[in-house]
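# Inside the fold
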Amino acid sequence: MPLNPSIKVLFITPEITPLLKTGGLADVSAALPAALREYNVDVRVLLPGYPRVMDCLKDKRLLAILADVGVHGEVKLLQAKLPGSGVPLLVIDYPLFYERDGGPYIDHNGHDWVDNAQRFALLSKVGAILGSSKSPLTWHPDIVQCNDWQSGLTPAYLHFSPAPGAATIMTIHNMAFQGTFPASLTTPLGLPASSYSINGVEYYGQLSFLKAGLFYANHITTVSPTYAEEIQEEPLGFGMQGLLAHRYLDLTGIVNGIDRHEWNPATDKLLPHNYSAGDLAGKAANKRALQHKLGLTEDPDIPLLGIISRLTHQKGLDLLPAIAPFLLEYPVQIVILGSGESGLEESFLHLAQSHPDQVAAVIGFNEALSHQIEAGADIFLMPSRFEPCGLNQMYSQCYGTPPIVHATGGLVDTVVDATPENIANGTATGFIFTHATTHGLNECIHRALDIYRDQPTWRKIQSNGMRRDFSWNRSAEEYLALYEMILKSA
Ligand code: ADP
């Protein structure tokens, strides 16, 4: 028997690795619950039964049939375990909403599913039912943790439910995604008309799922302390800065961890050569393998800059094409893996065509190549305009690939700039630039390249990064302390 009765947490998410991933939220949804369970927190994850989820879960079995959910027909709740970690999953089986080809949020043509409001109101509603005393399950959570707008209505449903319910946390992974829908949906989605007000779910004449979560949740978290500060102001509050500033005492930033089983250069099965801080020979071999694979000049001494990213305005990679022609006059190579805005995809493909020995652009999503770039590159480039937490800058440090990052959000909280003082005191792990402009990026790349030429100093920066603790245990301990604080004050 554990010494303390364990805290029970229902963790609601629209995506989870390895079943379905469109971004970092999927990784968090798999790793944080697994880490929390090691601290005796009884976390169960609620998610929609998309085809890929249903296909992958061979062990699923019916747990309950939910009545009164506000949709037609039966809503079944299945129980299964996440492959790998065995984290308990609760899967909503409602084929009309979730059993369709395409992405979880968009169709084959890249358009939002027209019924996204209904699809994610159902996710939110089921979360609220399971979090209330009306739940048909014998397991009753103490805390319901909602993640991003897709489960933002849960705190509102629980607030208006006459049945007593769990405490709620709204966790923001990215303020840019807010789930706004026509105001006319407020009542059809089962919210009282009175909730449609500035002190409620209303947001500039529309219904916002995220605003609902931020307004009604007992507590708000986001994925880094710096981002928690930034979203209380324009522009990163994306219109909700007033509410967030008002609730600053209920707002906590906790940096995500990374999965050290998946992202460890000493054991990574996706790498041709494993290596560690004590012996970087394997890193050099990975660089050669990457250069060979992508048709670049095979030269160990040319600094290789790696990029793995969604190609969107947020990620700031539109700053690179303007400076690349000048940069490529130096002995430098650039490898880009990503997909997104077609204009950016084209500029990188064009750059690769015009500099085939120096630039490789791979458009698409490729897990294995992403590991090989982290290992084979010398420097990682992440000039995000904003970055709530970010993962690749942490992977980079673990892989001995110092990152160049813009001074924003989780990038500031996880990278230590290679200033002369930080180099001298042994803390420097990367390069930070203040202004997200071509000039700012260009200067920072040249600063990094200068230090790269000083190999003994470079080795120290690599080794500082490789020794950092980015494990989920550190984050899990902070979440556990927060859960205890919330339950004490409830
Ligand atoms: P975001 O969630 O905003 O996209 P994060 O850095 O938090 O950014 O997480 C992105 C995750 O997706 C990382 O694990 C990154 O390696 C991965 N990723 C992004 N684009 C690709 C790609 N084209 N191929 C493989 N992995 C990718």
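Structure's up top.
Residues numbered from 1 in each chain as written. Predicted model: local features only at pLDDT ≥ 70, side-chain atom pairs only at ≥ 80, totals over all residues. Heavy atoms only, no water.

Here the focus is the pattern of salt bridges. Pairs can form between side chains of opposite charge whenever their charged atoms are close. Taken as a whole and judged by the stated rule, the model has 12 salt bridges. Between Lys-315 and Glu-387 there is a salt bridge; the shortest N-O distance is 2.9 Å. Of the two residues, Lys-315 is situated in the loop between strand E13 (304–311) and helix H10 (319–327) and Glu-387 in the loop between strand E16 (379–382) and helix H13 (392–398); the sequence distance between them amounts to 72 residues. The buried category is assigned to Glu-387, whose relative accessible area is 5%. (Salt bridge = Lys/Arg side-chain N within 4 Å of Asp/Glu carboxyl O. Helix = DSSP H or I, 4+ residues; strand = E, 2+ residues; numbered from the N terminus. Buried < 20%, exposed > 50% of the residue type's maximum accessible area, 1.4 Å probe, protein only.)

Another point: the packing of helix H5 (residues 153–160) against helix H6 (residues 209–216). In contact at an axis separation of 6 Å, H5 and H6 are set at 50° when each is read in the N-to-C sense. Here H5 is positioned oblique relative to H6, judged by the angle of their axes. Two packed elements cross with a definite hand, and for H5 against H6 that hand is left-handed. Each of Leu-153, Pro-155, Ala-156, His-159 and Phe-160 in H5 lies in contact with H6, whose residues at this interface are Phe-209, Ala-212, Gly-213 and Tyr-216. The class makeup of the residues in the contact of H5 with H6 is seven nonpolar, two polar and no charged. (Axes fitted to C-alpha atoms, helices over the stretch in contact; angles between N-to-C directions. Parallel < 35°, antiparallel > 145°, perpendicular 65-115°, else oblique. Left-handed = near helix turned anticlockwise from the far one by under 90°. Contact = heavy atoms within 4.5 Å. Nonpolar A, V, L, I, M, F, W, Y, C, P; charged D, E, K, R; others polar.)

Once that is clear, we can look at the side chain of Ser-132. Inspection of the secondary structure assignment puts Ser-132 in the loop between helix H4 (116–130) and strand E6 (143–147). Ser-132 gets classed as buried once you look at its relative accessible area, which sits at 4%. When sequence neighbours within four positions are dropped, the list of residues in contact with Ser-132 reads His-140, Leu-158, Ala-163, Pro-164 and Gly-165.

Time to look at the sheet that holds strand E12 (residues 251–253). Spatially, the nine strands line up as an open sheet ordered E3-E4-E5-E2-E1-E6-E7-E11-E12, and their pairing is mixed. Each edge of the open sheet carries a strand with a single partner, namely strand E3 (61–66) and E12. Averaged over all adjacent pairs, the angle separating strand axes in this sheet is 25°, with direction ignored. As paired strands, E3 and strand E4 (residues 75–81) are joined by five bridges and run antiparallel to one another. (Pairing = 2+ DSSP bridges.)

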